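# Fold and contact review
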Amino acid sequence: MSLRSQSFWLFFCALIALVTTGCTSVQLSDYANQKPQFDMQEYFNGRVVAHGIVQDRSGKVIRRMTVDMQCSWQGDTGTLDEHFTYADGKKERRVWTIKKQNDRYIGTAADVVGEATGAAAGNALNWKYVLALPVGDKVYNVNFDDWMWQLDDKIMMNRAVFSKFGFKLGEVLITFYKQ
């Protein structure tokens, strides 16, 4: 084998290793042994306050927000009433209806297309849903891959990556504080 073909094969193998490593993703099961054990009914019950940012795909912060939530449950059905206040003064409201089925959750809200589906393991929850996102005079259906990690009894971190046609558009980062 010539030096040139050896170099090609080394490059080719390195490229395959890079591509296959880059394609691996975090699995919910990676958090199965993490504590505290996340329970949406327990954490999102009562008042929860959150602070967050929205970043564009380059990482630039394009919005800042505070979210005041009132959360309640009747059996396995919960209501998360979210009131958003943005740094520019704009206000929004989203009311989630969540149904718990073992470690799985099904959620609906007026601006969620279809249903949000999620599962919990250990201290983590992963949601996937499509959000009807208004931009100017248009509304775009945007995919959300939403992760939450409970750090202790009071604090939870949230990172949601949003995309369209498989292209990342940005991220939402939120810290929740249970009151």
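That block above? That's the structure.
Numbers given for residues are sequential positions, taken from 1 along each chain in its written order. In keeping with the predicted nature of the model, local features appear solely for residues at pLDDT of at least 70, side-chain atom pairs appear and are counted solely at 80 or more, and the whole-chain, interface and lining totals rest on all residues. The side-chain quantities take in all heavy atoms of the structure and omit both hydrogens and water.

Turning to the sheet that holds strand β2 (residues 61–74), a few remarks are in order. Strand pairing follows a simple DSSP-based rule, namely that at least 2 bridges must link the two strands. Helix numbers and strand numbers start at the N terminus; a helix is a DSSP run of H or I with at least 4 residues, a strand a run of E with at least 2. One closed barrel accounts for 10 strands, arranged β1-β2-β3-β4-β5-β6-β7-β8-β9-β10; its pairing is antiparallel. Each neighbouring strand pair of the sheet contributes to a mean axis angle of 25 degrees, computed without reference to strand direction. Relative to strand β6 (residues 112–121), strand β5 (residues 104–108) is paired through 4 bridges, and the arrangement is antiparallel. In the sheet register, Gly107 faces β6, and the bridge partner there is Ala116. Only the stretch in contact is used when a helix axis is fitted, and all axes are lines through C-alpha atoms; the angle between N-to-C directions ranges over 0 to 180 degrees.

Salt bridges, as used here, are contacts in which a Lys or Arg side-chain nitrogen is within 4 Å of a carboxyl oxygen on Asp or Glu. Counted according to the given criterion, the structure contains 10 salt bridges. For Arg47, the salt bridge is made with Asp68, and the minimal N-O distance between the two is 3.0 Å. Of this pair, Arg47 sits in strand β1 (residues 46–56) while Asp68 is found in strand β2, placing the two residues 21 residues apart along the sequence. A relative accessible area of 28% means that Asp68 is categorised as partly exposed. The salt bridge involving Arg94 is made with Glu82; its shortest N-O contact spans 3.7 Å. Note that Arg94 is positioned in strand β4 (residues 91–101) and Glu82 in strand β3 (residues 77–86), a separation of 12 residues in sequence. No difference in accessibility class separates Arg94 from Glu82, as the two residues are buried. One salt-bridge network, in which partners are shared between bridges, spans Glu82, Arg94 and Asp111. When accessible area is computed with a 1.4 Å probe and restricted to protein chains, residues below 20% of their type maximum are described as buried, those above 50% as exposed, and intermediate ones as partly exposed.

The criterion is simple. A nonpolar core is a set of buried Ala, Val, Leu, Ile, Met, Phe, Trp, Tyr and Cys residues joined through side-chain atoms within 4.5 Å. Formed by 35 residues in total, the largest nonpolar core has its most connected members in Met40, Phe44, Trp127 and Phe176. In contact with Trp127, not counting residues within four places along its chain, are Met40, Ile98, Tyr105, Ile106, Gly107, Ala116, Thr117, Gly118, Phe144, Asp145, Asp146 and Met148. By size, the runner-up hydrophobic cluster in this structure holds 7 residues, among which are Ala119, Ala121, Trp147 and Trp149. The contact rule is simple, with two residues in contact once any of their heavy atoms fall within 4.5 Å.

What follows deals with the packing of aromatic side chains. Ring geometry is summarised as follows: Phe, Tyr and Trp rings, the Trp one being its six-membered ring, pair when their centres sit within 6.5 Å, and such pairs are stacked at plane angles under 30 degrees, edge-to-face over 60 and tilted between the two. The final tally for this structure, using the stated rule, is 10 aromatic pairs. With centroids separated by 6.0 Å and ring planes inclined at 10 degrees, the aromatic side chains of Trp147 and Trp149 adopt a geometry described as stacked. Classification of Trp147 by relative accessible area gives buried; the value is 10%. The structure contains a cluster of three or more aromatic residues connected by ring pairs, namely Trp96, Trp127, Tyr129, Phe144 and Phe162. Any Lys NZ or Arg CZ that is within 6 Å of a ring centre and within 35 degrees of that ring's normal is treated as a charge sitting over the ring. Against the face of Tyr86 rests Arg63, its NZ or CZ located 3.6 Å from the ring centre. Just above the ring of Tyr43 sits the side chain of Lys178; from NZ or CZ to the centre is 6.0 Å.

Such coordinate-based values are descriptive only and should not be taken to indicate function.
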